[in-house]
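# Summary of the model geometry
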Amino acid sequence: MTIRPDSKDLNAEVRALPWYHTIELAPGLWSPGFFDHRTTLRRVPLPASLAGKRCLDVGTHDGLWAFEMEARGAAEVVAIDLDDPFRRDWPSNVREVGPKQLVDWGWKPGLAFAVAHRARSSKVDRRDLSVYDLNPADLGEFDVVFVGSLLLHLRDPIRALEAVRSVTRETLVMAEAIDPRMEFKAGSTPAARIDGIGLDQQWWTPNRAALARMASSAGFAVRELTKPYVVRFGESGWTRRGRLKHRLRNLAVANDPAFGVVHAALRAEPAPPRSA
């Protein structure tokens, strides 16, 4: 990774933006993200070396995983996300106010990504594209596709994963929030909690069994499913009440009392269609 020398000016630029991811932008300079993955990068079954691989980051936001794949030697990385807030899967009761709320919160699509991209002298190709519109005729196929913390924000996660399947040549790596209550109550039975009414635009939060079933339903063969782990809130993260409750729940589910959101990750391969 090549770092821009004007770190003082970069620091001021970084502090002026809202960040979703905590990303290293210069030696000792990290973006003040809502989520901090530094302690959990090793928990996600992304290959240590991606040398020669063509990679895709779906729902890239600030670009953390795209830049991580680039740092692991990927020959090419394409990152996709939506620039138009009205194209998001808003619940019907907040469909009109949701996009305005994002603007009020300071959301500026692609801007933080652009700052990180420039600071890291990155060659990642970011495109304004919905996961639902992934098509090999447009983008070709990818050796490794990463989907991170996206499915819970989608009304139709299986349809999205089918589109992902259409462009995946070798490996899907997926890291998603899971519901601790479903993990306890349902165990190995695929189950998910539905929200679908709030401004946080959350739909389905599965247990690990349901996460694996989603991938299987979309045409993947799951090869690895991790234990639960906690993605910590970053400097700009959640500060509401309930911190102790979350810590205790995270300790019970993931054996980690950190304040954050419980996730699980999987690695899968495209499965051949079944014959009649």
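Structure: above.
In short, a report on the structure. If you're wondering where the values come from, they're calculated on a predicted model, not measured in any experiment.

## Regarding unusual backbone geometry
One non-glycine residue, Ser149, adopts positive backbone phi at about 50°. Considering the arrangement of structural elements, one finds Ser149 in the loop between β8 (142-148) and α6 (157-167). Of the residues examined, Ser149 reaches a relative accessible area of 17% and is grouped as buried. Located in the positive-phi region is Asn255, a residue other than glycine, with phi close to 55°. With respect to the helices, strands and loops of the structure, Asn255 is situated in the loop between α9 (243-254) and β14 (260-270). When its relative accessible area of 66% is taken as the criterion, Asn255 is described as exposed.

## Description of the environment of Ala191
When you line up the elements, Ala191 lands in the loop between α7 (180-185) and β10 (192-194). The residues contacting Ala191, other than those within four sequence positions of it, are Met182, Ala186, Pro206, Asn207 and Ala210.

## Overview of empty space enclosed by the protein
Evaluated as defined, the whole model comprises one cavity of 30 Å³ or more. Taken as a whole, the largest cavity spans an internal volume of roughly 50 Å³. Considering the residues around the largest cavity, the lining is formed by His37, Thr40, Val44, Trp65, Phe146, Gly148, Ser149, Ala175, Tyr229, Val231 and His263. Of all the elements in the fold, those that place two or more residues in the lining of the largest cavity are β8 and β13 (229-233). Class assignment for the residues of the lining of the largest cavity results in six nonpolar, five polar and no charged.

## Quick look at the pairing of β13
Here β13 lies mainly inside the structure; four of its five residues are buried. In the sheet, strand β4 (residues 33-36) pairs with β13 via two bridges, with the strands oriented antiparallel. Its bridge partner lying in β13, Phe35 is registered against Phe233. By the bridge criterion, four bridges tie β13 to β14 in an arrangement that is antiparallel.

## So, the pattern of salt bridges
Scanning the entire structure with this criterion turns up 19 salt bridges. One salt bridge connects Glu76 with Arg54, and the closest N-O pair in it is separated by 2.9 Å. Remark: Arg54 occurs in strand β5 (residues 54-58) and Glu76 occurs in strand β6 (residues 76-81); sequence separation between them is 22 residues. Arg54 gets classed as buried once you look at its relative accessible area, which sits at 18%. Glu224 is the partner of Arg267 in a salt bridge, and the nearest nitrogen-oxygen pair spans 3.3 Å. Of this pair, Arg267 sits in strand β14 while Glu224 sits in strand β12 (residues 220-225); the two residues are 43 residues apart in sequence, bridging distant segments of the chain. We classify Arg267 as partly exposed; its relative accessible area is 25%.

## With respect to helix α2 (residues 64-71)
Burial within α2 is extensive, with six of its eight residues counted as buried. Within the sequence span of α2, burial applies to Leu64, Trp65, Ala66, Phe67, Glu68 and Met69. Of the surrounding elements, those touching the buried residues of α2 are β1 (19-21), β5, β6, α4 (111-119) and β8. One or two residues past the end of α2 sits Gly73, with phi positive at roughly 100°.

What counts and what doesn't
Residues numbered from 1 in each chain as written. Predicted model: local features only at pLDDT ≥ 70, side-chain atom pairs only at ≥ 80, totals over all residues. Heavy atoms only, no water. Helix = DSSP H or I, 4+ residues; strand = E, 2+ residues; numbered from the N terminus. Buried < 20%, exposed > 50% of the residue type's maximum accessible area, 1.4 Å probe, protein only. Contact = heavy atoms within 4.5 Å. 1 Å grid on protein atoms, 1.4 Å probe; cavity = no way out; pocket = protein on both sides within 12 Å on 5 of 7 lines; lining within 4 Å. Points joined across faces, edges and corners; volume = space filled by probe spheres on them. Nonpolar A, V, L, I, M, F, W, Y, C, P; charged D, E, K, R; others polar. Pairing = 2+ DSSP bridges. Salt bridge = Lys/Arg side-chain N within 4 Å of Asp/Glu carboxyl O.

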